[in-house]
Amino acid sequence: MEIKLPGQDAEDIIDQLLGNTQEEALMQTITKEKALVRIRLENRRGHYVTIVDFGNSEDAKQLGIKDMARELKKKLAAGGTIRDSWIEIQGDHRQKIKKLLIEMGFKEENILIDEGVTEA
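The following refers to the structure shown. Since this is a predicted model, take the numbers as computed values, not measurements.

1. Focus on the packing of aromatic side chains
For step 1, the next point in the chain: Scanning the entire structure with this criterion turns up one aromatic pair.
For step 2, the next point in the chain: Geometrically, the ring pair formed by Phe54 and Phe106 is tilted, given 6.1 Å between the ring centres and 35 degrees between the ring planes. You can see Phe54 sitting in the loop between strand S2 (47-53) and helix H3 (57-63) and its partner Phe106 sitting in the loop between helix H5 (94-103) and strand S5 (111-119), a full 52 residues away along the chain. Side by side, Phe54 and Phe106 carry an identical accessibility label, which is buried.

2. Considerations on the side chain of Thr50
For step 1, the next point in the chain: Position of Thr50 relative to the elements: it lies in strand S2.
For step 2, the next point in the chain: One polar contact links the side chain of Thr50 to the main-chain carbonyl oxygen of Gly91, over a distance of 2.5 Å.
For step 3, the next point in the chain: At 3.0 Å, the side chain of Thr50 forms a polar contact with the backbone nitrogen of His93.
For step 4, the next point in the chain: Those residues in contact with Thr50, other than ones at most four positions away along the chain, are Ile39, Arg40, Leu41, Ile87, Glu88, Ile89, Gly91, Asp92, His93, Arg94 and Ile97.

3. Here we look at the sheet that holds strand S4 (residues 86-90)
In a beta sheet, neighbouring strands are held together by backbone hydrogen bonds and run either parallel or antiparallel to one another.
For step 1, the next point in the chain: One open sheet holds the five strands; their spatial order is S3-S4-S2-S1-S5, and the pairing between them is mixed. Each edge of the open sheet is held by one strand with a lone partner, namely strand S3 (80-83) and S5. Sheet twist, expressed as the mean angle between neighbouring strand axes with direction ignored, is 20 degrees.
For step 2, the next point in the chain: Running at roughly 15 degrees to S4, helix H4 (residues 65-76) makes contact with S3 and S4 of the sheet.
For step 3, the next point in the chain: Where H5 meets the sheet, it contacts strand S1 (37-44), S2, S4 and S5, and its direction lies at approximately 155 degrees from that of S5.

4. Brief notes about the pairing of S3
For step 1, the next point in the chain: Examined bridge by bridge, S3 and S4 share four bridges and lie antiparallel to one another. Residue pairing across strands places Thr81 opposite Glu88, the latter belonging to S4.
For step 2, the next point in the chain: Where S3 folds back on S4, the antiparallel hairpin that results is connected by two residues.

5. Some thoughts on the nonpolar core
For step 1, the next point in the chain: Counting 21 residues, the largest nonpolar core has Phe54, Ile87, Leu101 and Phe106 as its most contacted members.
For step 2, the next point in the chain: Counting only elements with at least two residues in this core, the list comes to S1, H3, H4, S4, H5 and S5.
For step 3, the next point in the chain: With five residues, H4 is the largest single contributor of residues to this core.
For step 4, the next point in the chain: Excluding its chain neighbours within four sequence positions, the residues that come into contact with Ile87 are Thr50, Ile51, Val52, Phe54, Ile65, Met68, Ala69, Leu72 and Thr81.

6. Here we look at the pattern of salt bridges
For step 1, the next point in the chain: In total, this model carries eight salt bridges according to the counting rule given.
For step 2, the next point in the chain: For Lys75, the salt bridge is made with Glu71, and the minimal N-O distance between the two is 3.4 Å. One end of the pair is Lys75 and the other is Glu71, both in helix H4 and four residues apart, which spans about a single turn.
For step 3, the next point in the chain: Each member of the salt-bridge network shares a partner with another, and the members are Arg40, Glu42, Arg44, Asp53, Arg83 and Glu88.

7. A closer look at the packing of H4 against H5
For step 1, the next point in the chain: Two elements in contact, H4 and H5, have axes separated by 11 Å at closest approach and are oriented at 130 degrees. As summarised for this structure, H4 and H5 are arranged oblique, according to the angle between their axes. Note that H4 runs across H5; the crossing there is right-handed. In this structure, H4 uses Met68, Leu72, Lys75 and Leu76 to contact H5, whose residues at the interface are Lys96, Ile97, Leu100, Leu101 and Glu103.
For step 2, the next point in the chain: Classifying every residue of the contact of H4 with H5 by side-chain character gives six nonpolar, no polar and three charged.

Conventions adopted
Residues numbered from 1 in each chain as written. Predicted model: local features only at pLDDT ≥ 70, side-chain atom pairs only at ≥ 80, totals over all residues. Heavy atoms only, no water. Phe/Tyr/Trp six-rings, centres within 6.5 Å; stacked < 30°, edge-to-face > 60°. Helix = DSSP H or I, 4+ residues; strand = E, 2+ residues; numbered from the N terminus. Buried < 20%, exposed > 50% of the residue type's maximum accessible area, 1.4 Å probe, protein only. Polar contact = N/O pair within 3.5 Å; in protein donor to acceptor, adjacent residues only side chain to side chain. Contact = heavy atoms within 4.5 Å. Pairing = 2+ DSSP bridges. Axes fitted to C-alpha atoms, helices over the stretch in contact; angles between N-to-C directions. Core = buried A, V, L, I, M, F, W, Y, C linked by side-chain atoms within 4.5 Å. Salt bridge = Lys/Arg side-chain N within 4 Å of Asp/Glu carboxyl O. Parallel < 35°, antiparallel > 145°, perpendicular 65-115°, else oblique. Left-handed = near helix turned anticlockwise from the far one by under 90°. Nonpolar A, V, L, I, M, F, W, Y, C, P; charged D, E, K, R; others polar.

Purely geometric stuff here, so don't read any function into it on its own.
What follows is the structure, given as structure tokens:
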């Protein structure tokens, strides 16, 4: 027995069930385009940690920071974690993260990389 809803295809129904509406996708795209991202490197007891800071925790939530962190860790083959509005990735991955963020839809001119190393 097949159930059909008028005016909706399977993709629309799945999006509604998963909570991925077109408005949320549009808001995420707009947030990515206007987001100012700072990438810096910290030295913690002899180990480097790359910090991807989104500044505002509300923007970070709209961007789907958890999924983004999972994707970055997977593509970089590195461990990491999420803090308030930033992602910490083990190792020095500043340039690689910039390229990945651009692929994810962030504007290149809105991604700032600190060249120095902060001692923490």
